[in-house]
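Next come the chains, spelled out residue by residue.
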Amino acid sequence: MTGPARIGLLGKGTVGSAFHDLVAERAGAVAEVSGRRPEITGVLRRSDGDFEEILAGADIVVELIGGTDPARDYVLRALEAGKHVVTANKQLVAQHGDELFEAARAGGVQLRFEAAVAGAVPVIRVIQESLAATELTKVFGIVNGTTNFILTEMAKTGASFEEVLVRAQELGYAEADPTDDVGGADAAAKMAILARLAFGTPVGLADVSYEGITDIQPDDLAYAKELGLSLKLLGVAERRRGGISVRVFPCFLYGGHPLAPIEGPFNAVMVESPAITEITMSGPGAGGAATATAVLGDVVSILSGEAPVHVTGERLEVVRDVASSFYLHLEVADRPGVLAAVADVLGRNGISVRSVVQRGTGHDARLVMVMHQTPEDAFYTALEELAKLDFMRATPRAIRVIEEEFN
Ligand SMILES: NC(=O)c1ccc[n+]([C@@H]2O[C@H](COP(=O)([O-])OP(=O)(O)OC[C@H]3O[C@@H](n4cnc5c(N)ncnc54)[C@H](OP(=O)(O)O)[C@@H]3O)[C@@H](O)[C@H]2O)c1
């Protein structure tokens, strides 16, 4: 390629507008590092622009529409036409990764998507390129800024999930329809992408088990504070028993954990392997300007060199029954024998208790416990048995805990 790098921009909303401005501002700097000056030669919006014309006049197509329809069709058409593609669209890559990577390979072009996971934090590049020589065993972190903001505010103010969600929407940290963020689907899509790259195996959204934060109660956060815990929505992708496990769930962390201090709308991703021990990357996970920076960074990578090879090996088995530690919140009647009966159920299911806090009296009596690691099936069996005990005043509440303490 010689002359200016012609960019066809699909979508000019929050990220697209910021990208448009950033290209104007940084074109000279990009030309200095890559040898070519980027130039936006066409823009497609709902009401404006013609895709065929934009495609014909572009070397690189930047997709910032979002969703899968019509984004999937446009991206496939661009790759098939021999155009490089940059996208920030996590749902597109998580749901249609196989066919997109194949189309890029067949077309001999690059498909880059740094902004699809953790916004401006360069986790994709680090996993695909910097750490390509090591076998990663685990990738995990906080990949949704909306939920991290909500959980941070709930812990600080004692307000309910619903109250904090409204505040997050007012501040622009949550969308008008927050379902994908608070329900865990957004983080699940990002973890599917990270797992695919880290373990070199096809991973789709259906392989990821996920839970959100809508059931978290303010008193869970208050009691957890007493136990030295803070709550995050975590995505965890790891190798397990010859297969992989990819999950998203709310989770308590002990104070010394590297992810415990990540507050507000920030993201952080940790990668682990025996060779590197662990590396933590953190920073802004969203916002027009931050995300546009990652998108333009991908354009620079395309102009500067070779594509990272998407080595997708055999499909690894998805392991669902994993072991976890749990926090357990029981609202109980205030009478003798309660603790012994709870301990009996836990003991019969092979669950050992790490710490217990007893709070309140009479109609406010509660037991708040943290368990040691146990197979999740055994824990959920115990939970069902506990729910049936006649002194239980409400359905028991359980939240996972990462037991490791980092000092
Ligand atoms: N916002 C963030 O902080 C952030 C962070 C990381 C990743 N992302 C990802 O970046 C992408 C863009 O997000 P955004 O927040 O910029 O979205 P947005 O503000 O809703 O903008 C979407 C743009 O796409 C255009 N568009 C929508 N449907 C279209 C269609 N059928 N045909 C042509 N154009 C269409 C819209 O056109 P009109 O202008 O005519 O409405 C608008 O310009 C998404 O994949 C998102 O997940 C966003």
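Every residue gets a number counted from 1 within its own chain, in the order that chain's sequence is written. Totals for whole chains, interfaces and linings use all residues, but because this is a predicted model, local features are given only for residues with pLDDT of at least 70 and pairs of side-chain atoms are given and counted only at 80 or more. Excluding hydrogens and water, the side-chain figures rest on all heavy atoms present in the structure.

A. Focus on the overall build of the protein. Where helices and strands are cited, they refer to DSSP runs of H or I of at least four residues and of E of at least two residues respectively, numbered from the N terminus. Within the protein one finds 13 helices and 16 strands. Taking 22 Å as the expected radius of gyration for a compact globule of 407 residues, we find that the protein reaches 24 Å, a close match to that expectation. For the protein, the spread of C-alpha atoms along the principal axes amounts to about 80 × 45 × 35 Å. Whether two residues are in contact is decided by their heavy atoms, any of which lying within 4.5 Å being enough. Taking as baseline every contact in the protein between residues at least 6 positions apart, the subset at least 24 positions apart corresponds to 75%. Each accessible area value is a Shrake-Rupley result obtained with a 1.4 Å probe; residue values ignore everything except the protein chains displayed when judging cover. Total accessible area on the protein stands at roughly 17200 Å², and carbon and sulfur atoms take up 49% of it. Positive: Lys, Arg. Negative: Asp, Glu. His and the chain ends are not part of the count. Note that the charge is assigned to NZ on lysines, CZ on arginines, CG on aspartates and CD on glutamates. Across the protein, the 36 positively charged side chains and the 55 negatively charged ones have centroids separated by 1 Å. The size measure is the radius of gyration over C-alpha atoms, and the globule rule it meets is 2.2 Å times the number of residues to the 0.38 power.

B. Spatial organisation of the side chain of Asn-267. Note on placement: Asn-267 falls in strand β10 (residues 266–273). Each residue is placed in one exposure class: buried if its accessible area under a 1.4 Å probe, protein chains only, is under 20% of its type's maximum, exposed if it is over 50%, and partly exposed if it falls in between. With a relative accessible area of 1%, Asn-267 lands in the buried category. What Asn-267 contacts, discounting residues up to four positions off in sequence, is Ala-118, Ile-142, Val-143, Asn-144, Gly-145, Ile-262, Met-281, Ser-282, Gly-283 and Gly-285.

C. Representation of the site of the ligand in the model. Any residue with a heavy atom positioned within 4 Å of a molecule or strand is treated as near that molecule or strand. Around the ligand there are 19 residues in total, and Lys-12, Thr-14, Val-15, Arg-45 and Gly-287 lie nearest to it. In the environment of the ligand, an oxygen atom lies 2.8 Å from a nitrogen or oxygen atom belonging to the backbone of Val-15. Relative to its free-state accessible area of 910 Å², the ligand is covered by the protein chains to the extent of 75%. When residue character is reported, Ala, Val, Leu, Ile, Met, Phe, Trp, Tyr, Cys and Pro are called nonpolar, Asp, Glu, Lys and Arg charged, and the others, Gly included, polar. In terms of residue class, the shell around the ligand is built from eight nonpolar, seven polar and four charged. As used in this structure description, the phrase polar contact means that two N or O atoms lie within 3.5 Å; if the pair is within protein, one of them must be able to donate a hydrogen and the other to accept it, and residues adjacent in sequence are counted only when both atoms belong to side chains.

D. Looking closely at the pattern of salt bridges. Any carboxyl oxygen of Asp or Glu within 4 Å of a side-chain nitrogen of Lys or Arg constitutes a salt bridge here. Counted according to the given criterion, the structure contains 28 salt bridges. For Glu-263, the salt bridge is made with Lys-156, and the minimal N-O distance between the two is 3.6 Å. Remark: Lys-156 occurs in helix α6 (residues 145–157) and Glu-263 occurs in the loop between β9 (243–254) and β10; sequence separation between them is 107 residues. What makes Glu-263 partly exposed here is its relative accessible area of 40%.

E. Structural view of the sheet that holds strand β5 (residues 111–112). One requirement defines pairing of two strands: DSSP has to find at least two bridges between them. One open sheet holds the five strands; their spatial order is β2-β1-β3-β4-β5, and the pairing between them is parallel. The open sheet terminates on both sides in strands that have one partner only, identified here as β2 (38–44) and β5. Most of the contacts of helix α1 (residues 14–34) go to β2, to which it runs at about 165 degrees, and overall it touches β1 (5–10), β2 and β3 (60–63). Fitted lines through C-alpha atoms serve as axes, helices being fitted only where they are in contact, and the angles separating the N-to-C directions of these axes extend from 0 to 180 degrees.

F. Quick look at the packing of aromatic side chains. Each pair of aromatic rings taken from Phe, Tyr and Trp, with Trp reduced to its six-membered ring, is defined by centres within 6.5 Å and is described as stacked if the planes are under 30 degrees apart, edge-to-face if over 60, and tilted in the remaining cases. Tallied over the full model, the rule gives seven aromatic pairs. Their ring planes at 20 degrees and their centres at 4.2 Å tell us that Phe-51 and Tyr-74 sit as a pair that is stacked. Taken together, the positions of Phe-51 in helix α2 (residues 51–56) and Tyr-74 in helix α3 (residues 71–80) put the pair 23 residues apart, joining distant regions of the chain. Comparing Phe-51 with Tyr-74 shows no difference in burial state: the two are buried. A positively charged side chain is recorded as over a ring if its NZ (Lys) or CZ (Arg) lies within 6 Å of the ring centre. The angle to the ring normal must also be within 35 degrees. Across from the ring centre of Phe-140, 4.6 Å away, lies the NZ or CZ of Lys-138, which sits over that ring.

G. Quick peek at helix α12 (residues 338–348). For α12, the full list of buried residues reads Val-338, Val-342, Val-345 and Leu-346. Seen from one end, α12 has its buried residues packed into an arc of 95 degrees, which puts them on one side. Among the exposed residues of α12, those pointing more than 90 degrees away from its buried face are Ala-340 and Arg-348. Looking at the packing, one finds that the buried side of α12 touches β12 (323–331), β13 (353–359), β14 (366–371) and α13 (376–387). Think of the arc as the fan of directions from the helix axis to the C-beta atoms.

H. Representation of the nonpolar core in the model. In terms of nonpolar packing, the biggest core is built from 84 residues, with Leu-79, Leu-111, Phe-113, Val-123, Ile-150, Ile-193 and Leu-194 touching the most fellow members. Looking at this core, the element that brings in the most residues is helix α9 (residues 185–199), giving eleven residues. In these notes, a set of buried Ala, Val, Leu, Ile, Met, Phe, Trp, Tyr and Cys residues joined through side-chain atoms within 4.5 Å is what counts as a nonpolar core. By size, the runner-up hydrophobic cluster in this structure holds 22 residues, among which are Val-15, Val-23, Ala-292 and Ile-302.

I. Expanded view of the packing of α6 against helix α7 (residues 161–170). Where α6 contacts α7, the axes come no closer than 9 Å and their chain directions differ by 125 degrees. Relative to α7, the element α6 is oriented oblique. The interaxial crossing formed by α6 with α7 has right-handed handedness. Contacts between α6 and α7 pair Phe-149, Ile-150, Glu-153 and Met-154 from the former with Phe-161, Val-164, Leu-165, Arg-167 and Ala-168 from the latter. Considered class by class, the residues forming the contact of α6 with α7 number seven nonpolar, no polar and two charged. Note on angle classes: values under 35 degrees are labelled roughly parallel, values over 145 roughly antiparallel, values of 65 to 115 roughly perpendicular, and the remainder oblique. Left-handed describes a crossing in which the near helix is turned anticlockwise from the far one by less than a right angle; the clockwise case is right-handed.

J. Examining the environment of Pro-122 more closely. Following the sequence through the fold, Pro-122 ends up in the loop between β5 and α5 (123–130). The class of Pro-122 is partly exposed, set by a relative accessible area of 38%. A sequence separation of 161 residues divides Pro-122 from Gly-283, and the C-alpha atoms of the two residues are 9.3 Å apart. Discounting residues that sit within four places of it in the chain, Pro-122 has contacts with Glu-114 and Met-281.

None of this, on its own, says anything about what the molecule does.
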